[in-house]
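Structural overview for review
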Amino acid sequence: MAEKSGAEILVQTLLDLGVDTVFGYPGGAVLPIYDALYDHPKIKHILVRHEQAATHAAEGYARATGKPGVVLVTSGPGATNAVTGITDALMDSIPMVVITGQVATNLIGSDAFQEADTVGITRHCTKHNYLVKQPSELAGVLTEAFHIATQGRPGPVVVDIPKNVQVAAAEFSSHNGLKNSRYQPQVDGDFKAINEAAEMIMQAKAPILYTGGGIINSGPKASETLRQLAELLGAPVTSTLMGLGAFPASSDQWLGMLGMHGTYEANMAMNRADLVVCLGARFDDRITGRLDAFSPNSKKIHVDIDRSSVNKTVRVDLPVIGDVGRVMEQLLAVLKGRKFNAPDYEEWWSRIKGWRATDCLAFPESKTEIMPQLAIRKLWEATHERDPIITTEVGQHQMWAAQHFDFEKPNKWLTSGGLGTMGYGLPAAIGAQLGDPDALVIDIAGEASIQMNIQELATASQYRLPVKIFIVNNEYMGMVRQWQELTYESRYSNSYSDSLPDFIKLAESYGWTGILIDEPAELEAGITKMIETDGPVLVDCRVAKLANCFPMIPSGASHTEMLLTPEDVKGTMDDNAKALV
Amino acid sequence: MHIKEEQVERHVLAVLVDNEAGILARIAGMFTARGYNIESLTVADISADHAISRITIATNGPPHVIEQIIAQLDRLVPVHSVRDLTEAGPHVQRELALVKVAGKGENRIEAMRLADVYRARVVDATTESFVFEITGAPDKIQTFVGLMREVGLVEVGRTGVVAIGRGPDSA
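Quick caveat, the model's predicted, so the values are computed rather than measured.

**Here we look at the overall build of chain A**
Scanning chain A from terminus to terminus reveals 22 helices and 20 strands. Taken against the 2.2 N^0.38 rule, which gives 25 Å for 581 residues, the C-alpha radius of gyration of chain A at 24 Å falls within 12% of a compact globule. Overall size of chain A, expressed as C-alpha extent along the three principal axes, is 70 × 60 × 45 Å. Counting the 581 residues in chain A, one finds 61% classified as buried. If you take every contact in chain A between residues at least 6 apart in sequence, the share linking residues at least 24 apart comes to 77%. Carbon and sulfur atoms make up 49% of the accessible area of chain A, which amounts to about 22300 Å² in all. A distance of 4 Å separates the average location of the 49 positive side-chain charges in chain A from that of its 69 negative side-chain charges.

**Examining helix α2 (residues 63-74) of chain B**
All names here are of chain B. An ideal rise of 1.5 Å per residue puts 16 Å on 12 residues; α2 measures up with 17 Å between its terminal C-alpha atoms. Within the span of α2, buried status applies to V65, I66, Q68, I69, I70, A71, Q72 and L73. Elements that come into contact with the buried residues of α2 comprise β1 (9-18), α1 (23-33), β3 (52-61) and β4 (79-84).

**Focus: the interface of chain A and chain B**
Facing 19 residues of chain A, the contacting portion of chain B comprises 19 residues. Summed over both sides, the interface between chain A and chain B buries roughly 1600 Å², with carbon and sulfur atoms accounting for 49% of that surface. The largest share of the area that chain A buries against chain B comes from R123, R182 and R307 of chain A, three residues that together contribute 32% of it. Across the chain A-chain B interface, the total number found is 5 salt bridges. Between D18 of chain B and R182 of chain A there is a salt bridge, with the nearest N and O atoms lying 2.6 Å from each other.

**Observations regarding helix α6 (residues 138-150) of chain A**
Residues and elements named next belong to chain A. Along its 13 residues, α6 runs 18 Å from first to last C-alpha, staying within 8% of the 18 Å computed at 1.5 Å per residue. Of all 13 residues in α6, 11 are buried; the element is thus mostly enclosed. Buried residues of α6: L138, A139, V141, L142, T143, E144, A145, F146, H147, I148 and A149, and no others. The secondary structure elements touched by the buried residues of α6 are α1 (6-16), β4 (69-73), β5 (96-102), β6 (128-131), β7 (156-162) and α7 (163-167). Following α6 by one or two positions, G152 adopts a phi angle in the positive range, close to 65 degrees.

**With respect to the pairing of strand β3 (residues 44-47) of chain A**
Two faces make up the sheet, and in a regular strand the side chains alternate between them. Residue and element names in this part refer to chain A. Bridging between strand β2 (residues 21-24) and β3 involves 4 bridges; their strand directions are parallel. In the sheet register, V22 faces β3, and the bridge partner there is H45. Viewed along the sheet, the connection from β2 through helix α2 (residues 31-37) into β3 turns out right-handed.

**Details of the sheet that holds β2 of chain A**
Residue and element names in this part refer to chain A. Within the open sheet, the 6 strands sit side by side as β3-β2-β4-β5-β7-β6. Their pairing is parallel. Two strands in the sheet have a free side with no partner beyond their single neighbour: β3 and β6. Pairwise comparison of adjacent strand axes, ignoring direction, gives a mean angle of 20 degrees for this sheet. Both β4 and β5 contribute to a ladder of 5 bridges, which runs parallel. Looking across to β5, one finds that V73 is bridged to T100.

**Structural notes on the nonpolar core**
Residues and elements named next belong to chain A. Ranked by size, the top nonpolar core spans 101 residues in total, and within it L279, I301 and F470 carry the most contacts. For I301, the residues in contact, after removing those within four places along its chain, are A197, M200, I201, L275, V276, V277, C278, L318 and V320. Core analysis: the second largest hydrophobic core is formed by 46 residues, V73, I86, I94 and I389 among them.

**Brief notes about the confidence of the model for chain B**
All names here are of chain B. Per-residue confidence for chain B averages 95 on the pLDDT scale, and 99% of its residues sit at or above 70. Taking the mean pLDDT of every element in chain B, the minimum, 94, falls on helix α3 (residues 85-88) and the maximum, 98, on strand β7 (residues 129-136). Quick note on the complex model: pTM equals 0.95, ipTM equals 0.88.

**Notes on the pattern of salt bridges**
For the structure on display, the rule yields 30 salt bridges over all chains. D406 of chain A serves as the salt-bridge partner of R377 of chain A, at 3.4 Å between the closest nitrogen and oxygen. Within this pair, whereas R377 of chain A is found in helix α15 (residues 372-383), its partner D406 of chain A is found in the loop between α16 (396-404) and β16 (413-414), the two being separated by 29 residues in sequence. For the salt bridge of E95 of chain B with R158 of chain B, the shortest nitrogen-to-oxygen distance reads 2.9 Å. With E95 of chain B in strand β5 (residues 91-102) and R158 of chain B in strand β8 (residues 153-158), this pair connects stretches of sequence that are 63 residues apart.

**Concerning the sheet that holds strand β12 (residues 275-279) of chain A**
All names here are of chain A. Here we have 6 strands laid out as an open sheet, ordered β11-β10-β9-β12-β13-β14, and parallel in their pairing. Each end of this open sheet is capped by a strand with a single partner; those strands are β11 (254-257) and β14 (318-321). Strand-to-strand twist in this sheet, taken as the mean axis angle between neighbours without regard to direction, amounts to 15 degrees. Alignment of strand β9 (residues 207-211) against β12, held across 5 bridges, turns out to be parallel. The residue of β12 that forms the bridge with L209 is V277. Packing against the sheet, helix α10 (residues 220-233) makes contact with β9, β10 (237-239) and β12, and its axis sits at approximately 170 degrees to β9.

Rules and cut-offs
- Residues numbered from 1 in each chain as written.
- Chains lettered and ligands numbered in written order.
- Predicted model: local features only at pLDDT ≥ 70, side-chain atom pairs only at ≥ 80, totals over all residues.
- Heavy atoms only, no water.
- Helix = DSSP H or I, 4+ residues; strand = E, 2+ residues; numbered from the N terminus.
- Rg over C-alpha atoms; globule rule 2.2 N^0.38 Å.
- Buried < 20%, exposed > 50% of the residue type's maximum accessible area, 1.4 Å probe, protein only.
- Contact = heavy atoms within 4.5 Å.
- Areas by Shrake-Rupley, 256 points an atom, 1.4 Å probe, with all protein chains shown as cover.
- Lys, Arg positive; Asp, Glu negative; His and termini not counted.
- Charge placed at Lys NZ, Arg CZ, Asp CG, Glu CD.
- Expected span 1.5 Å × (residues − 1).
- Buried area = accessible area lost by both parts, 1.4 Å probe.
- Salt bridge = Lys/Arg side-chain N within 4 Å of Asp/Glu carboxyl O.
- Pairing = 2+ DSSP bridges.
- Right-handed = clockwise from strand over helix to strand, strands pointing away.
- Axes fitted to C-alpha atoms, helices over the stretch in contact; angles between N-to-C directions.
- Core = buried A, V, L, I, M, F, W, Y, C linked by side-chain atoms within 4.5 Å.
- pLDDT = per-residue confidence, 0-100.

Structure, rendered in structure tokens:
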């Protein structure tokens, strides 16, 4: 067998694993790997402008394609800059492999230049991590890293490679796949549990399907299965932020998103249901509101591939451990086998109809200002026929996008849900565009968030990526300001975005087209121009500055205590509510 | 506003793990990261090829937290199995302590007498000190160490608890 350098083994193994795109930034401790990449143009290396952006771009790529995102960064600051994106991928269960350079093994622990304890720092923000001390271990470790990142509940895996291990040689032949991995998550649901679930469904009078990102992670087939299951059941369907697109928003059974900024009908239905079927979601605090008042009268079935999600916050009656797509198939088969003929749930639907009548997503009209909700609706109207991929930053604009942009298909909605990372949207859009070059990719952004990774405008320019950014600009960190209005008597401490750049000139200086939308009358034409302009476009859409995102479940409240309009806002909160989420 | 405390119960867990670098940090760090308690933690490799270690963790928390601790341990890649010995039924818990007592006269005689009652062995002796080795359940050791405090305790080292289920079955 021929000997190869660690760096060469690494690159060859990546090729064997089918990696075609790597997001990265070079530095001293990864020079041998970059040198090896120089000989392998089959791997497209995307040079970002900040390591955090490499991780978000890899996430965007992973979410749009379903394949794991791959990141390559140097030791020390390269690795620490990547930590936010790694944590983001852990929280949102995104498959990602991050290769970090490390100082040579004999220097580890000596406070060497650009040394950081990467495995120590990333131990609790990865699904698993490795420090590789021998080049002979590299192929095996990388193969297992990809297996762990993609199987079971997906997540980020860090492989830390000291520089001398990249240079040293070991025997290598192309890998033959992973044999007998120690990591074998349960995919099929327990047959007895599936039957019990079917039993519970058959007895329900007011069931609801509560779906989450697990369905997207399970693959496009799971979204298909969900549609079949929903059709068979005839029950209402709601989803978490992460699960949007798994079920078509145009369906009569769709209630909209649930939770803190979910719809009134979704939250009321969760509260009044007698059976909640949770499919690949995890009862996050943004979903449940006050725990002791969450869906108090329902039996709960929880399908999740991660056993630790079960009974973590909400106690359920029946856990089913397994891949949600597979479990839904099993459940469908059992229900059909039992000739299940769903009742029409007449009373249940008539109550839902009553809640729908509140028209909770309605927003005040304005002749003088662009209402942000209207901007999102117009963006949807102008683009939805092209099935765009929408990424977002974090804040009000993100929630407005979730409420007012309707999704029909999975893998089209890319947002930082669990960690809530401002600066996610632009690099994620870059990653998504690379994964799906023909797609219309739009980052719906806020003027504060976009500045957290604004340097990535250059990355899009360099690779000729026609990414669009639609900034909903209200000159405030809007969600912070909204909470200050609701919780702290409108004491707007540090939430005003002072000294904003001229986004149009900024865009142009990076080779982008900049479009300003300042008046309600310009909105539709501006959006059209954005879509019709080739190459990357940044839109600075000036919206009503003090608009709030409603409906909203305030901190410490239950699903039945939603604020629907600004008139519902009291302006103060007690300490118990302030201390909650 | 005041922070509320919940009722806790003590559980002993037996965890089989791959014997690899960083495994202890991974386990111990998971406890601190998620705000769980560790009363004691022992670890040693137990397989002929040194590939597997057994970690015994004594922890405490409300029942729903114990359930989460087990699930969170179980999802770590190098963890092969987690057994809640407290939940599983009758089991034996043992701990070893080395207890150094210094003194002369009546205290010295009393220390020796108590050691005899508690079946502690003398593993080192000088004219003015003893080192006792004692094994037993943690509360027995606790009591013995408490008694030694009154007769000249100068140093104590404890291994932390190891435990194993009674009967023929393996964890």
